[in-house]
Amino acid sequence: AESPVYRMRECAYYSMVINMTVMVRPWDVEDAMELHSLSMHPYYLKKRVWKFLYPDTFLNAVSTIHFYQHADPQRYLFRAVELDGSVCGFLECEKKTSSSAELSYWLGVNYWHRGIMQQAVRALCEEAFDTLQLLSIYALVEKRNTASIHVLEANGFQREEFGKLYMFKKYK
């Protein structure tokens, strides 16, 4: 069954995932320690998958969050994914044209395979279509990243071949 998305307060979207509360919300400087801790997992240290400022120290995590907080709200939605009161991941929607945006996300390794990002992506897409006035959202995914493929397909994104990647699109 599909989980409902609830808009509880300004800029916060909540969803229930099997007795867990997932919230997508703006970043707060108080999230810096959790962001730093998530980024220090050996998987992320080895892969260096960060597209954004790399929060390899607590101070860099604070700077990263400051950047997120002061980004142009007509172009960017940087959001924390929170599970039961703890930050567990990141979402971004960046407006690339007047009507489309690119979706990016990651989830702390210890939170994988629990349905969290599926709900978080649903909530962010709802917010992005509403606030950025979009007609479509797309995401680029490595073909071997089956978990992300599942997240996007479960949220109604349509898969297209794009070289070594898949491009997924969702329309309003």
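Structural data are supplied above this passage.
Residues numbered from 1 in each chain as written. Predicted model: local features only at pLDDT ≥ 70, side-chain atom pairs only at ≥ 80, totals over all residues. Heavy atoms only, no water.

Caption draft 1: Structural view of the pairing of strand 9 (residues 165–171). In this structure, strand 7 (residues 136–142) lies alongside strand 9, joined through 7 bridges in antiparallel fashion. Bridge assignment links V141 to a residue of strand 9, and that residue is Y166. The pairing of strand 8 (residues 158–162) with strand 9 spans 5 bridges and is antiparallel. Considered in strand 9, the bridge of E160 is made with M167. The antiparallel pairing of strand 8 with strand 9 creates a hairpin that spans 2 residues between the two strands, and G163 there sits at a positive phi of about 65 degrees. (Pairing = 2+ DSSP bridges. Helix = DSSP H or I, 4+ residues; strand = E, 2+ residues; numbered from the N terminus.)

Caption draft 2: Spatial organisation of the packing of helix 4 (residues 116–131) against helix 5 (residues 146–154). The contact between helix 4 and helix 5 brings their axes to 9 Å, and the two run at 45 degrees. Classified by the angle between their axes, helix 4 and helix 5 sit oblique to one another. Relative to helix 5, the crossing made by helix 4 is right-handed. Residue-level contacts link M117, Q118, V121 and R122 of helix 4 to H150, V151 and A154 of helix 5. Partitioned by chemical class, the residues of the contact of helix 4 with helix 5 number 4 nonpolar, 2 polar and 1 charged. (Axes fitted to C-alpha atoms, helices over the stretch in contact; angles between N-to-C directions. Parallel < 35°, antiparallel > 145°, perpendicular 65-115°, else oblique. Left-handed = near helix turned anticlockwise from the far one by under 90°. Contact = heavy atoms within 4.5 Å. Nonpolar A, V, L, I, M, F, W, Y, C, P; charged D, E, K, R; others polar.)

In short, the description is geometric, and any link to function would need to be established separately.
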